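The primary structure of each chain is shown beneath.
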Amino acid sequence: MSEQPLVPARTREAIPSTDAHRPADGPDLHGPRTNAHGRTPAARGETQSTLARAGEVTPEMVRVAEREGLPAETIRDEVARGRMVIPANPAHSALDPMAIGLKSRVKINANIGSSPTTSGTNEEVGKLRDSLHWGADTVMDLSTGKRITETRRAILDASTVPIGTVPIYQALESVKRIEDLSGDGLLEVIEQQAREGVDYMTIHAGVRIRHLPLVRERVTGIVSRGGGVLAKWMIEHARENPLYTRFDDVLEICRAHDVTISLGDGLRPGSIADATDRAQLAELRTLGELTKRCWDAGVQVMVEGPGHIPLDGLQENVRLQQELCGEAPFYTLGPLVTDIAPGYDHITSAIGAAIVGWHGTSMLCYVTPKEHLGLPNAEDVKQGLIAYRIAAHAADLARGNAAAHAQDRAISEARFAFDWREQFARSLDPQTAQAMHDETLPNDHFKQAEFCSMCGPKYCPMHNVRGVDWDRVEAAADANDHAVGAAG
Ligand code: SF4
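Described below are features of the structure shown in this document.

Criteria and cut-off values
Residues numbered from 1 in each chain as written. Predicted model: local features only at pLDDT ≥ 70, side-chain atom pairs only at ≥ 80, totals over all residues. Heavy atoms only, no water. Helix = DSSP H or I, 4+ residues; strand = E, 2+ residues; numbered from the N terminus. Rg over C-alpha atoms; globule rule 2.2 N^0.38 Å. Buried < 20%, exposed > 50% of the residue type's maximum accessible area, 1.4 Å probe, protein only. Contact = heavy atoms within 4.5 Å. Areas by Shrake-Rupley, 256 points an atom, 1.4 Å probe, with all protein chains shown as cover. Lys, Arg positive; Asp, Glu negative; His and termini not counted. Charge placed at Lys NZ, Arg CZ, Asp CG, Glu CD. Expected span 1.5 Å × (residues − 1). Salt bridge = Lys/Arg side-chain N within 4 Å of Asp/Glu carboxyl O. Phe/Tyr/Trp six-rings, centres within 6.5 Å; stacked < 30°, edge-to-face > 60°. Pairing = 2+ DSSP bridges. Axes fitted to C-alpha atoms, helices over the stretch in contact; angles between N-to-C directions. Near = heavy atom within 4 Å. Nonpolar A, V, L, I, M, F, W, Y, C, P; charged D, E, K, R; others polar. Core = buried A, V, L, I, M, F, W, Y, C linked by side-chain atoms within 4.5 Å. Right-handed = clockwise from strand over helix to strand, strands pointing away.

Concerning the overall build of the protein
When helices and strands are counted, the protein shows 21 helices and 10 strands. Relative to the compact-globule value of 23 Å for 488 residues, the protein shows a C-alpha radius of gyration of 25 Å, a close match. In terms of overall dimensions, the protein has a C-alpha envelope of 90 × 55 × 45 Å along the principal axes. Across the 488 residues that make up the protein, the buried fraction comes to 56%. Within the protein, residue pairs in contact and separated by at least 24 positions form 72% of the contacts whose partners lie at least 6 positions apart. Looking at the protein as shown, the accessible area adds up to about 21100 Å², and 54% of this sits on carbon and sulfur atoms. Computed over 51 positive and 67 negative side-chain charges, the separation of the two mean positions in the protein equals 3 Å.

Brief notes about helix α12 (residues 278-296)
The terminal C-alpha atoms of α12, which comprises 19 residues, lie 28 Å apart, in line with the 27 Å expected from a rise of 1.5 Å per residue. Just downstream of α12 lies glycine 298, where phi reads positive at about 75°.

Quick word on the pattern of salt bridges
Scanning all chains against the criterion turns up 33 salt bridges. One salt bridge in this structure joins arginine 83 and glutamate 78, with 3.0 Å as the shortest N-O distance. Among the salt bridges present, the one from lysine 382 reaches aspartate 429, with a minimum N-O distance of 3.1 Å. On the criterion of sequence distance, the pair formed by lysine 382 in helix α15 (residues 378-398) and aspartate 429 in the loop between α17 (420-425) and α18 (430-440) is long-range, its members being 47 residues apart. For lysine 382, a relative accessible area of 15% puts it in the buried group. For aspartate 429, a relative accessible area of 13% translates into the label buried. The network of salt bridges with shared partners includes Glu78, Arg81, Arg83, Lys103 and Glu327.

Some words on the packing of aromatic side chains
Inspection of every chain in the model, using the stated rule, returns 3 aromatic pairs. Aromatic pair phenylalanine 418 and tryptophan 420: ring centres 6.5 Å apart, planes at 50°, arrangement tilted. For the pair shown, phenylalanine 418 and tryptophan 420 are each scored as buried.

So, the sheet that holds strand β10 (residues 363-365)
In space, the 8 strands of this closed barrel follow the order β3-β4-β5-β6-β7-β8-β9-β10, with parallel pairing throughout. Put simply, the sheet's adjacent strands are angled 25° from each other on average, direction ignored. Judged from the 3 bridges that link them, strand β4 (residues 138-141) and strand β5 (residues 163-165) form a sheet pairing that is parallel. The residue of β5 that forms the bridge with valine 139 is isoleucine 163.

With respect to unusual backbone geometry
Here the amide bond leading from proline 306 into glycine 307 is cis, since omega sits at 15°, within 30 degrees of zero. With respect to the helices and strands, the residue glycine 307 is situated in the loop between β8 (301-305) and α13 (314-324). In the segment running from glycine 334 into proline 335, the intervening peptide bond is cis, with an omega of 10°. Here proline 335 lies in the loop between β9 (330-333) and α14 (345-359). One non-glycine residue, phenylalanine 418, lies in the positive phi region at around 55°. Of note, phenylalanine 418 is situated in the loop between α16 (402-416) and α17.

Section: the pairing of strand β6 (residues 200-203)
On β6, burial covers both faces: Tyr200 and Thr202 on one face and Met201 and Ile203 on the other are all buried. Relative to β6, β5 runs parallel, the two being bridged by 2 bridges. Across the sheet, residue glycine 164 finds its bridge partner in β6, namely tyrosine 200. Where β6 meets strand β7 (residues 260-263), 4 bridges bridge the pair, whose relative direction is parallel. Residue tyrosine 200 lies in a different strand from β7, and its bridge partner there is threonine 260.

Concerning the site of the ligand
In the vicinity of the ligand, the contacting residues are Phe418, Trp420, Cys452, Met454, Cys455, Gly456, Cys460, Pro461 and Met462. For the shell around the ligand, the residue count by class is 8 nonpolar, 1 polar and no charged.

Some details on the nonpolar core
Core analysis: the biggest nonpolar cluster contains 95 residues, and Ile203, Phe247, Val250, Ile261, Leu364 and Tyr388 have the highest contact counts within it. Aside from chain neighbours lying at most four places away, what touches isoleucine 203 is Pro167, Ile190, Leu243, Phe247, Val250, Ile261, Ser262, Leu263 and Gly264. In terms of nonpolar packing, the next biggest core, distinct from the first, is built from 12 residues, Ala52, Ala65, Ile86 and Ala99 among them.

Brief notes about helix α3 (residues 59-68)
Here α3 lies mainly inside the structure; 7 of its 10 residues are buried. Among the residues of α3, Glu60, Met61, Arg63, Val64, Ala65, Arg67 and Glu68 are the ones counted as buried. Considering only its buried residues, α3 is in contact with α2 (48-53), α4 (72-81) and β3 (107-112). Following α3 by one or two positions, glycine 69 adopts a phi angle in the positive range, close to 70°.

Considerations on the pairing of β8
With 5 of 5 residues buried, β8 is to be regarded as a mostly interior element. Along β8, one buried face is formed by Val301, Val303 and Gly305 and the opposite face, lined by Met302 and Glu304, is buried too. Of the strand pairs in this sheet, β7 and β8 are connected by 3 bridges, and their pairing is parallel. Residue pairing across strands places serine 262 opposite methionine 302, the latter belonging to β8. Where β8 lies against β9, 3 bridges are found, and the strand directions are parallel. By the bridge assignment, glycine 305 is partnered in β9 with threonine 332. Chirality of the crossover, the property in question, places the unit of β8, α13 and β9 among those that are right-handed.

The structure is reproduced here in structure tokens:
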């Protein structure tokens, strides 16, 4: 049975920071979905892209404009140009439309999904709830194992944010061995998921057989699950990637259901040593070619990216993707800026994510502390999302987003006013912020105190300069200068 659609945490009354996060004159990025915004009727068989190019402002564009604080015509023009996508399958009835693109705020994605050995539908719906609670803008259901369809349907029913999938995982569940996969089988799964309402799909069509020998010298070979499956298929059959050879069929399905294609980076580097190598760039060139085919077919498209990239390679990686893929939205996993910290890869990757976001990445796929080590649990999901909310917000600040700047100013003013409760309420994780303050100063009395346990009352510099008459200080400085000048 379907559960009630979820409302993102920042709209819930129970979360005190909800509206406090949003400056009065800023956009509501996570406001509740209201039917007044409506949806484009599925029967029309058009996509947001074809409608935008025809000059139409759809209900989805109106809703995105409202959430982003931008004119609806700007949203339409960006979608028409292919620089923004609105993943909104008309069959996903609980969806509150959002956008991914250069002109919108930087978005974050959370991956959830069962594995053959761990977790099930209820747990994954629970992770969806957690993901929405902690601010995920989209969620990818990466389930593998026997209950893929059941889990996906439950997630779609419950989700107000776009749901993405990697259809090859389901296709693989229906065959015994990777070699038994077929182009027809893959298309059947893509069509089934499109009919059910999946908003975007990772399609690893850019991994070509001629690219495979380029990974020979790599330290970590192929690290994308989808890329690895297709590589094995191509090696066993000595034939081209079926998602590449049947790409026109994929486009036809995605056009019919307005599914946004997320071109997968099956050859993304899995280590710093492999970053920006020939295999990665060869695939990226193919992704550029496929991007243009999507646009020609009226299908919305974004492009996935690495992976593991050192700090000094981040800006160049964004530039290359934007150049080769005509500024289609870039959707990166991290990137991790070092390989040395398993257990803390939400941090190593959030560093890279903030920088690529600053330079033009439109959506950041979170990485949890469990990366490389195991399937994330609820606490890992929280830690990953908080790290990525910080990264995306830092990128928004660097990109000059006025609403993001207003959020920082508001919390800083509360901090300088020693309005502790306001500071907690405006923070990303109010409960944790308050719990940390309570650890040393638990009494209510200290919630108005002009110090905390960090420096204490005598040394608190913010307290010591509060209420200073700066005109008097300036006059004293002038007098000092005058005295020094006279003495000289
Ligand atoms: S005591 Fe130090 S850390 Fe605490 S509020 Fe004052 S300046 Fe900030």
